[in-house]
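# Geometric and topological summary
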Amino acid sequence: MEEEKKYIYNDKAERIKKMNRFYIGATIFLGILFLLYLWLRMANQNLVNATVYGNTVLIIGASVLDTIIYHKDHATD
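Attention in this report is confined to the structure presented alongside it. (Residues numbered from 1 in each chain as written. Predicted model: local features only at pLDDT ≥ 70, side-chain atom pairs only at ≥ 80, totals over all residues. Heavy atoms only, no water.)

## What to know about the packing of aromatic side chains
What describes a pair of aromatic rings is the distance from one ring centre to the other and the angle between the planes of the rings. A complete count under the given rule lists two aromatic pairs for this structure. Ring centres of Trp39 and Tyr53 lie 5.7 Å apart, and the angle between their planes is 55°; this geometry places the pair in the tilted category. Here Trp39 is found in helix α1 (residues 12–43), whereas its partner Tyr53 is found in helix α2 (residues 49–72), with 14 residues between them in sequence. By relative accessible area, Tyr53 is classed as partly exposed at 43%. (Phe/Tyr/Trp six-rings, centres within 6.5 Å; stacked < 30°, edge-to-face > 60°. Helix = DSSP H or I, 4+ residues; strand = E, 2+ residues; numbered from the N terminus. Buried < 20%, exposed > 50% of the residue type's maximum accessible area, 1.4 Å probe, protein only.)

What follows is the structure, given as structure tokens:
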């Protein structure tokens, strides 16, 4: 067995593309879970509204920025 064919993705750019796709998916999933947690706490009057709104804007903004960067170049380090 040759050393070159040891990995599924021998090209570094392909490995980075796969990891970036995973990163974007994980970031969006965790952001949605955290937003759900914040909004449910606000619904139970356990958290101040301004805190929830501020965090919502930050999480959505970061997710949009990550997605834009990802779509510009899928192999960005």
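Back to the write-up after that little detour.
## Focus on α1
In this model α1 runs 46 Å from its N-terminal to its C-terminal C-alpha over 32 residues, within 8% of the 46 Å that 1.5 Å per residue would give. When we look at burial in α1, the residues that qualify are Ile16, Asn20, Ile24, Gly31, Leu35, Leu38 and Met42. Turning to α1, the residues buried within the fold contact α2. Residue Gln45 follows α1 closely and has a positive phi angle near 55°. (Expected span 1.5 Å × (residues − 1). Contact = heavy atoms within 4.5 Å.)

## As for the side chain of Thr56
The topology assignment puts Thr56 in helix α2. Excluding residues that lie within four positions of it along the chain, Thr56 makes contacts with Leu35 and Trp39.

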